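Structural features, examined
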Amino acid sequence: ETIVETEWMDNGGQLHRGVEDGPISLVGGGLIKQLKDLGWQVNFDLHHQFEEVNALADPPIGKLRNPRLVASVTESVAKVVGGHAKNGELPVTLGGDHSLAMGTISGTLEQHPDACVVWIDAHADINTAETTGSGNIHGMPVSFLLGIETSVPQFAWVTGKPLLKADRLVYIGLRDVDAGEKRILKERNIKAFSMHEVDKYGIGKVVKMALDHVNPKRDRPIHLSFDVDALDPSVAPSTGTPARGGLTFREGHYICEEIWATGLLVALDLMEVNPSLADPTGIQQTVTIECSLVRSALGETLL
Ligand SMILES: N[C@@H](CCCCC(O)O)C(=O)O
Ligand SMILES: [Mn+2]
Ligand SMILES: [Mn+2]
Ligand SMILES: [Mn+2]
């Protein structure tokens, strides 16, 4: 059974919510029927229960922007995703800001402590409060999840008991990584396949090498966290931090099809679709590919 839930947060951590506005209604409507046609029982979960943390009450902490809003939203996502995972459901989270992955991955690891994380992204999202340039927390979730960043009290709920281990994480698609992040990836020995490796070996070999690293015996549950900006901007234009030279339409789908084929998928995030950042055709194109990637990750095959 899957659940589909939506939290919309753009780069500044502002919360756009509700199916009544933006293409999410497209996703909510179209995607649910598409997944049911694949044979899934879908329980569409939309959350409104975030307390209104307005900008005044949420001044930056150091460089971090909207820290209290992001901390409260991600903590509630962890509870909701963890709850559904406990029920034996497969949470599918449509974002919305990649900071939400602090919640989804915490939720998964509560229920599946030996899970591994496959992170598809142009970015490493592993900045600390000190290395971040933008102060946008969507560039930091992995440093919280690994317990590298522990100085922000609002995030004690995740950094207090870091559940993710560096050898259970692997990246595919990196091409826009900050200097501080490159240092952290090296120091922590984190496996990362950039677009250079995708060019060099092809996506088939890269996905095999990535899984060989985090799941050598193919016996660990997999949490797939897919940032839509891993795709080339010509393929998925409506996203907050586009970077040229990304994955093709097919490479993105291959990753989802191959992860599904392992039979080990326990959670899926499709993140950083930001409807306010493109023209209507660009939004439609991005939402359509988002739905297509979800279907591929949930069993839709070409033949
Ligand atoms: N590294 C940049 C860009 C982060 C992009 C976040 C996206 O991958 O979720 C930053 O820290 O601001
Ligand atoms: Mn974002
Ligand atoms: Mn990301
Ligand atoms: Mn990204």
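Structure's up top.
Let me begin by describing the structure that accompanies this report.

About the thresholds
Every chain is numbered independently, its residues counted from 1 as its sequence is written. Key to labels: chains lettered from A, ligands numbered from 1, both in the order written. Local features are withheld for residues below a pLDDT of 70 in this predicted model, meaning they are given only at 70 or higher, and side-chain atom pairs are given and counted only at 80 or more; totals for whole chains, interfaces and linings count all residues. With hydrogens and water excluded, all non-hydrogen atoms of the structure serve as input to the side-chain values. Numbering goes from the N terminus for both helices and strands, where a helix is a DSSP run of H or I of at least four residues and a strand is a run of E of at least two. The classification of residues rests on relative accessible area computed with a 1.4 Å probe and restricted to protein chains. Under 20% of the type maximum is buried, over 50% is exposed, and intermediate values are partly exposed. Contact between two residues is taken to exist if any of their heavy atoms lie within 4.5 Å; hydrogens are not considered. Computed by Shrake-Rupley with a 1.4 Å probe, the accessible areas treat only the displayed protein chains as cover when residues are assessed. Note that water is not among the atoms considered, so a metal site may appear incomplete; the donors listed are N, O and S atoms within 2.8 Å of the metal, with 3.2 Å applied to Na, K and Ca. Think of it this way: one heavy atom of a residue within 4 Å of a molecule or strand is enough to make that residue near it. In protein, a polar contact requires one atom able to donate a hydrogen and another able to accept it; more generally it is a pair of N or O atoms within 3.5 Å, and residues adjacent in sequence count only if both atoms are side-chain atoms. Here a site with four donors is tetrahedral if all angles are between 85 and 135 degrees, and a site with four or six donors is square planar or octahedral if opposite donors are over 155 degrees apart and the other angles are between 65 and 115; anything else gets the irregular label. Strand pairing requires that DSSP identify at least two bridges connecting the strands. Helix span is expected to be 1.5 Å times the residue number reduced by one. As used in this record, nonpolar core signifies buried Ala, Val, Leu, Ile, Met, Phe, Trp, Tyr and Cys residues forming a set joined through side-chain atoms within 4.5 Å. Only a pair of cysteine sulfur atoms within 2.5 Å counts as a disulfide in this structure description. Every case where a carboxyl oxygen of Asp or Glu lies within 4 Å of a side-chain nitrogen of Lys or Arg is listed as a salt bridge.

What follows concerns the overall build of the protein. The secondary structure content of the protein amounts to ten helices and ten strands. Relative to its 303 residues, the protein shows a buried fraction of 58%. Here the contacts in the protein between residues at least 6 apart in sequence split such that 75% fall between residues at least 24 apart. Total accessible area on the protein stands at roughly 11,900 Å², and carbon and sulfur atoms take up 54% of it.

Let us look at the coordination of the manganese ion (ligand 3). For the manganese ion (ligand 3), every protein donor is listed as His 98 (ND1), Asp 121 (OD), Asp 125 (OD) and Asp 227 (OD), and the spread of their distances is 2.1 to 2.2 Å. Mapped onto the sequence, the residues coordinating the manganese ion (ligand 3) show the spacing H-x22-D-x3-D-x101-D. For the pair the manganese ion (ligand 3) and the manganese ion (ligand 4), the metal-to-metal distance amounts to 3.2 Å, and Asp 121 bridges them. Pair noted here: His 98 is in the loop between β5 (90–94) and α3 (101–111) and Asp 125 is in the loop between β6 (116–120) and α4 (141–145), with a separation of 27 residues, a long-range link. Per residue, the accessibility class of His 98 equals that of Asp 125, and both read buried.

Its location among the elements puts Val 73 in helix α2 (residues 67–86). Among the residues examined, Val 73 registers a relative accessible area of 0% and is labelled buried. Sequence separation between Val 73 and Leu 169 is 96 residues; the distance between their C-alpha atoms is 23 Å.

By nearness alone, 14 residues border ligand 1, and Asp 125, Asn 127, Ser 134, Asp 178 and Asp 227 come closest of all. Asp 227 places a polar side-chain atom, nitrogen or oxygen, 2.9 Å from an oxygen atom of ligand 1. Note that an oxygen atom of ligand 1 is positioned 3.2 Å from one of the side-chain N or O atoms of Glu 272. Protein chains bury 92% of the 350 Å² of accessible surface belonging to ligand 1 in isolation.

The next point concerns the coordination of the manganese ion (ligand 4). At the metal site, the manganese ion (ligand 4) is ligated by Asp 121 (OD), His 123 (ND1), Asp 227 (OD), Asp 229 (OD) and Asp 229 (OD), and these contacts range over 2.1 to 2.4 Å. Coordination at the manganese ion (ligand 4) is irregular, judged from the six donor atoms that bind it and the angles of 58 to 171° they form at the metal. Binding-site remark: the manganese ion (ligand 4) is held by donors from one chain whose sequence spacing is D-x1-H-x103-D-x1-D.

Okay, the pairing of β6 next. Judged by how many residues are buried, β6 sits mostly within the fold: five of five residues are covered. Side chains Cys 116, Val 118 and Ile 120 project from β6 onto one buried face, and the interleaved Val 117 and Trp 119 project onto a second face that is buried too. Pairing between β6 and strand β7 (residues 169–174): four bridges, direction parallel. Counted as the bridge partner of Ile 120 is Ile 172 from β7.

With that settled, the discussion passes to helix α9 (residues 249–261). For α9, which comprises 13 residues, the first-to-last C-alpha distance of 18 Å matches the rise-based estimate of 18 Å (1.5 Å per residue) to within 8%. Among the residues of α9, those classed as buried are Glu 251, Gly 252, His 253, Ile 255, Cys 256, Glu 257 and Ile 259. Gly 263, located one to two residues past α9, shows a positive phi value of around 75°.

Bringing the environment of Asp 121 into the picture now. Note that Asp 121 resides in the loop between β6 and α4. On the basis of relative accessibility, which here comes to 0%, the residue Asp 121 falls in the buried class. Between the C-alpha atom of Asp 121 and that of Ile 172, which follows or precedes it by 51 residues, the distance is 6.5 Å. Apart from residues no more than four positions distant in its own chain, Asp 121 is found in contact with His 98, Ile 172, Gly 173, Leu 174, Asp 227, Asp 229 and Ala 230.

Let's shift gears to the nonpolar core. Ranked by internal contacts, the top residues of the largest apolar core, which has 48 residues, are Ile 120, Ile 172, Leu 224, Leu 231, Leu 247, Ile 255 and Val 294. No other element matches the seven residues that helix α10 (residues 280–297) contributes to this core. Discounting residues that sit within four places of it in the chain, Val 294 has contacts with Leu 31, Leu 35, Val 92, Leu 94, Leu 268 and Leu 270. The next biggest cluster of nonpolar side chains, apart from the first, holds 33 residues, and it includes Ala 71, Ala 115, Val 117 and Leu 174.

For the rest of this paragraph, the subject is the state of the cysteines. With the rule as written, the count across this model stands at zero disulfides. Here Cys 256 stays unpaired: no disulfide links it, and the sulfur of Cys 291, its closest cysteine neighbor, is 12 Å away.

Moving on: the pattern of salt bridges. Oppositely charged side chains can pair when the atoms bearing their charge come close. The full count for this structure, using the stated rule, is eight salt bridges. A cluster of three or more residues bridged by salt bridges with shared partners is formed by Lys 208, Asp 212 and Arg 218.

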